[in-house]
Amino acid sequence: MDWARQINLKTPAEIAIMREAGHINATVLTTVRNLLQPGVSTADLDAAAEEVLRKYGAVSPFKGYGYPPFPNSITVSINEELVHGIPSASRKLKEGDIVSVDCGTFFEGFVADSAFSAGVGSISPKAQKLLEVTEQALAVGVAQMRANNRTGDISAAIQQYVESHGFHVVREYTGHGVGRQMHEGPQVPNYGKAGTGVLLRPGMVIALEPMVQLGTHKTKVLRDKWTVVSADGSLTAHFEHSVAVTEGDPLLLTVL
Ligand code: MG
Ligand code: MG
């Protein structure tokens with residue numbers, strides 16, 4: 001992919017702006033998370049997200065992205081839906097669902113990109129485990145985001161952690177650099193070999209996003225040309241943060 005070749009190092013001033021964008025993005029996702037309950041439609045969640053973005057003078061880079069142009073500000077993906085679900089007034093959350101919400105924030109020339117998955121009401125122990133492992137896989141990957149490590153160190157750590165719990169990492173969709181564009185280099189798969197790939201340098205910002213499935217690693221795209229589901233219909237989860245590589249510890253940008 002062409003975008004994956006373009007790695008743009010950010011200055012400290014640029015990272016400070018991205019941190020503001022990340023704060024807004026986290027505010028959006030917190031707002032949406034607090035609305036998750038049976039009967040709420042995925043369009044309601046999108047409307048709430050837009051209201052927060054508007055308040056901050058920000059917009060989502062998702063809206064109008066790709067072809068056919070993505071119609072909304074967030075993606076909402078339920079159960080076997082992995083990513084890129086299109087919000088709809090007729091799609092209502094049910095007790096026991098697991099919902100993945102992804103949001104981007106475009107603010108003062110920079111993008112922040114983050115996602116979470118959470119249960120609606122009480123969920124099955126298996127679903128709970130899937131959420132915990134996927135969230136922890138993100139943390140395990142972030143811990144590898146240190147200068148002089150390589151992207152493969154991140155990929156391998158995520159894959160090993162997920163597979164040690166008997167779950168599967170998706171191959172077709174990956175983490176990515178983020179900055180003035182939503183997708184920049186380097187590409188960071190959720191599987192791979194330690195010691196390979198792009199050398200990490202201070203000023204790199206990466207949207208790291210483990211996507212994990214219960215049954216197999218295979219996915220397919222629905223006829224709406226956006227919604228990605230697990231090929232076998234099994235449960236899926238997705239967590240994402242935009243994270244800066246620094247001289248020291250990795251810096252999470254998409255937090256409150
Ligand atoms: Mg995202
Ligand atoms: Mg992303």
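See the structure shown above.
The model shown is predicted, which means the values in this text are computed figures rather than measured ones. (Residues numbered from 1 in each chain as written. Chains lettered and ligands numbered in written order. Predicted model: local features only at pLDDT ≥ 70, side-chain atom pairs only at ≥ 80, totals over all residues. Heavy atoms only, no water.)

Notes on the environment of threonine 236
For threonine 236, the location among the structural elements is in strand E12 (residues 236-238). Linking threonine 236 and isoleucine 78, residues 158 residues apart in sequence, is a C-alpha distance of 8.3 Å. Apart from residues lying up to four places away in sequence, threonine 236 is in contact with Asn79, Glu80, Glu81, Leu82, Ile98, Leu130, Val212, Gln213 and Ser230. Polar contacts involving the side chain of threonine 236 include one to the main-chain carbonyl oxygen of glutamate 81, which spans 2.9 Å. (Helix = DSSP H or I, 4+ residues; strand = E, 2+ residues; numbered from the N terminus. Contact = heavy atoms within 4.5 Å. Polar contact = N/O pair within 3.5 Å; in protein donor to acceptor, adjacent residues only side chain to side chain.)

Some details on the side chain of aspartate 46
Within the secondary structure, aspartate 46 is located in helix H2 (residues 42-55). Put simply, aspartate 46 is tucked away with no salt bridge, and the nearest opposite charge, on lysine 63, sits 5.7 Å away. There is a polar contact of 3.2 Å between the side chain of aspartate 46 and the backbone nitrogen of isoleucine 74. Setting aside anything within four residues of it in sequence, one finds aspartate 46 in contact with Asn72, Ser73, Ile74 and Pro87. (Buried < 20%, exposed > 50% of the residue type's maximum accessible area, 1.4 Å probe, protein only. Lys, Arg positive; Asp, Glu negative; His and termini not counted. Salt bridge = Lys/Arg side-chain N within 4 Å of Asp/Glu carboxyl O.)

A short note on helix H3 (residues 125-142)
Spanning 18 residues, H3 covers 26 Å between terminal C-alpha atoms, matching the ideal 26 Å at 1.5 Å per step. What H3 keeps buried is the set Ala127, Leu130, Leu131, Val133, Thr134, Ala137, Leu138, Gly141 and Val142. (Expected span 1.5 Å × (residues − 1).)

Notes on the coordination of the magnesium ion (ligand 1)
Listed as protein donors to the magnesium ion (ligand 1) are Asp102 (OD), Asp102 (OD), Asp113 (OD) and Glu240 (OE); their distances from the metal cover 2.0 to 2.4 Å. Written as a sequence motif, the donor arrangement for the magnesium ion (ligand 1) is D-x10-D-x126-E. The distance between the magnesium ion (ligand 1) and the magnesium ion (ligand 2) comes to 3.2 Å, with aspartate 113 serving as a donor to both metals. Here the residue aspartate 113 occupies a position in strand E4 (residues 110-119), and glutamate 240 occupies one in the loop between E12 and strand E13 (241-244), the gap between them amounting to 127 residues. (Donors = N, O, S within 2.8 Å, 3.2 Å for Na, K, Ca; no water.)

Digging into the sheet that holds strand E1 (residues 74-78)
Pairing is antiparallel across the open sheet formed by three strands, whose spatial order is E1-E3-E4. Two strands in the sheet have a free side with no partner beyond their single neighbour: E1 and E4. Neighbour-to-neighbour, the strand axes of the sheet open up by a mean angle of 10 degrees, direction not taken into account. The pairing of E1 with strand E3 (residues 98-107) spans five bridges and is classified as antiparallel. For valine 76, the partnering residue across the bridge sits in E3 and is valine 101. Contacts between helix H1 (residues 12-35) and the sheet are confined to E1, E3 and E4, with E4 contributing the most and set at about 30 degrees to the helix. (Pairing = 2+ DSSP bridges. Axes fitted to C-alpha atoms, helices over the stretch in contact; angles between N-to-C directions.)

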